[in-house]
Amino acid sequence: MKFHINKLILWMRNGSKRELEFLPNKVNIITGDSQTGKTVIWAVIDYCLFSSEPKIPYEFINENVEWYGINFNINESLYTIARQRLDDFMAPSSNYFFSGVGEIPEVPVTNNKDDDIKTQMEAEFQITDEVVMPYGGHQIPLGSKISLRYFMLFNSQDENTITNSDVFFDKQTNQRYKDALERIFNLSTGISTIAATAIDERINKLEAEKKRLQRKSDAFEKEGQLFEQNMKDIILEAKEYLLLDDRERNFDEEIQELKEVIYEHSYINISTQNNEYEKYEKERLDVLTNIRKLRRFDREYNEYKNILKKNYDSLLPIEYIHDNFSEIIESPLVSQFVLQLKEELGQIKRKISKNAPVQIEVKAKIRSLEKELTKIKEKLQEFPTLHRDFENFQEKYILIGEIKTKLEFYERKWDDANYEKQIKSLEDQIEKLKKEIVNLDERKEAVIRLLNELVQYYLNEASDALGNYAGYKAAFDYKTKKLRLQRPYSTIVELIGSSSNHLFLHLCLFLGLHELIMRQDVPYIPPFLFLDQPSRPYFDNKRNEAKSDTDRAKITIAIRLLNDFITRANNEKGLQREFQFIVVEHIPKDIWEENDMTNVHLVEEFFDGNKLIRDEDIMR
């Protein structure tokens, strides 16, 4: 994958044209004073690449520009995209000019729609309909196509991010982009692939369908209990009217017999005389009698233990006498009496200290009988408490019709699909799909380990700028997407202070990420990085003024990191790629010129009145 920006073009409202030219495979630096429009350069690039929330200021910039444009190469193709200015209410325009051969017109005219241009750009980056979100979020649907703009999170470090201690990617205050980063990171770094993502998406959909069926199955299980109870009510009503006899049989047999009565008119001459009800009623009374006897025994046994407890309390002084005055009791008879009382005290104590086996058995027997009583009562409820007669045939047929309607309704309601079979089928499909992909956790662990190795290389290169943290190890936190430093030979991850250290953490992480992306042959992320003033911790907003010699040395190390990254990307085995930086700064050019940084290209200096919007570009 190749990508570089050749030109940024502004067609001014007064008819003039402003261009900045960038070189491929270079660290392109625009340096200059504050308030000269340097930061707007990325806002213009972002706006031309379909931003819906542009950060282009109205004053001096939008009020003087009619069209914003970029000319760039992707692979072997040359393109120009221009977008008309924001309106006076700062709403972004939907008017685009597009050239597939890189034409830069004298004055752009609308000739294309953003969706059509996006489609062509995404095709260049191999972002097909299969490149989809592996799982949904608050503002991102599951399975939706990943936008080119989400992958651009790897291509910039704006003024609010580049030295941030807690946030390492742009746009993380926007929930949509925050959700997107979490979902595209695996695909962007080669942890996952299109094929694996497609399988993940299929698995997620099957899991969602399985949950839906499981909820329906649970609901039908509850409905089943209601169905059975309603059918028992119908059976009881049929018995009351002598359509069914009272003999004992299971639920399914009663339902079948009821169907025969209703559909085959087999209710004639049904015998209703039987002693099943009396049999269960006798059992109920027997069980109740046994429960009462056992409870009475339990109460009397507890009363016996209470008497023993009182006797025990009355004998406690004997134990005290024996333990404290036995040596001074001279009479053998008294001593023998005291000893005998102490032994009786011990016996009583043992008896009241724990439940006797007989008492435990009694309580268990009571519980068993209570369960038996519950079952008998449930059986008795199945018998009608009275038998009713029909006053005429019309009343009989009406009742039969009502029972038939209820029977059909409840059977139809319960005649659901076989949920267990469907759920089992889904589980088999999920298991089969999971076997088709490599273990994601193992893959993730390997890629993050490689990322830490790559970041460590750049941390070592920048060690002179890290002070006390030189030699610390890269520890990328996959969950939070932050780079931390781990103390050597320790599990302790340090809390890093100083905006200078934060700057180098950002630089080293993004250089490591881009090297990882190139080594993994990920096609979705262009080999390009925009940096907004890495010298923020070191230079005052004045021309050529570092805060100290140490600060000047640190920004020199930062620029050399970028310079050497170009060389490494071009020549290192396994890379051999081109890469482009665009850096806006306010450092003097001798920072790189005096240090032989041959990969640095000075685009322009915004000093002495030279700005992004010059005097001759202003609408009069």
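The residue numbers shown here count from 1 along each chain, following its written sequence. Restriction of local features to residues with pLDDT of at least 70 applies here, the model being predicted, together with a cutoff of 80 or more for giving and counting side-chain atom pairs; totals for whole chains, interfaces and linings are based on all residues. Side-chain numbers here rest on the full set of heavy atoms in the structure, without hydrogens or water.

### What about the sheet that holds strand β1 (residues 3–12)?
Okay, so step 1: One open sheet holds the five strands; their spatial order is β2-β1-β4-β5-β6, and the pairing between them is antiparallel. Bordering the open sheet on either side are β2 (17–21) and β6 (96–99), each of which pairs with just one other strand. The average angle at which neighbouring strand axes cross in this sheet is 15°, direction not considered.
Okay, so step 2: Any two strands with at least two DSSP-identified bridges between them are counted as paired. Counting from the N terminus, the helices are DSSP H or I runs at least four residues long and the strands are E runs at least two residues long. Strand direction decides the pairing type here: β1 and strand β4 (residues 65–74), joined by nine bridges, are antiparallel. Across the sheet, the residue bridging to L10 is Y68, located in β4.
Okay, so step 3: In the packing of helix α1 (residues 40–48) onto the sheet, contacts are made with β1, β2, β4, β5 (77–84) and β6, and the angle to β4 comes to roughly 80°. Convention adopted: a line fitted to C-alpha atoms gives each axis, helices being fitted over their contacting stretch, and angles between N-to-C directions are expressed from 0 to 180 degrees. Note on contacts: a residue pair is in contact if any heavy atoms of the two residues lie within 4.5 Å.

### With respect to the packing of helix α14 (residues 499–519) against helix α15 (residues 549–571)
Okay, so step 1: Between α14 and α15, whose axes approach to 11 Å, the crossing angle comes to 5°. By the criterion of interaxial angle, the relationship of α14 to α15 is roughly parallel. Contacts between α14 and α15 involve S500, F504, L507, C508, L511, H514, E515, M518 and R519 from the first element and K554, I557, A558, L561, L562, F565, R568 and A569 from the second.
Okay, so step 2: Of the residues belonging to the contact of α14 with α15, the class tally is 11 nonpolar, two polar and four charged. In what follows, roughly perpendicular refers to angles from 65 to 115 degrees, roughly parallel to angles under 35, roughly antiparallel to angles over 145, and oblique to any angle outside these ranges. Amino acids outside the nonpolar list (Ala, Val, Leu, Ile, Met, Phe, Trp, Tyr, Cys, Pro) and the charged list (Asp, Glu, Lys, Arg) are all regarded as polar, and Gly is one of them.

### Structural notes on empty space enclosed by the protein
Okay, so step 1: For cavity detection a 1 Å grid was placed over the protein atoms alone, and a set of points counts as a cavity when a 1.4 Å probe fits there but cannot get out; an open set counts as a pocket when protein lies on both sides within 12 Å along at least five of seven lines, with lining residues being those that have an atom within 4 Å of a point. Grid points are joined across faces, edges and corners, and a volume is the space filled by probe spheres set on the points. According to the stated counting rule, one finds three cavities of 30 Å³ or more in the structure shown.
Okay, so step 2: Each pocket or cavity is described by its volume, and for the largest cavity that value is around 100 Å³.
Okay, so step 3: Taken together, 13 residues line the largest cavity, and the ones lying closest to its centre are F3, L49, F125, M152 and P526.
Okay, so step 4: Those elements giving two or more residues to the lining of the largest cavity turn out to be α1 and β4.
Okay, so step 5: Looking at side-chain class alone, the lining of the largest cavity contains 12 nonpolar, one polar and no charged residues.
Okay, so step 6: In this structure, the second largest cavity occupies an estimated 80 Å³ of space.
Okay, so step 7: If you go around the second largest cavity, the residues you meet are M1, H514, I517, M518, V522, I525, P526, P527, R577 and F579.

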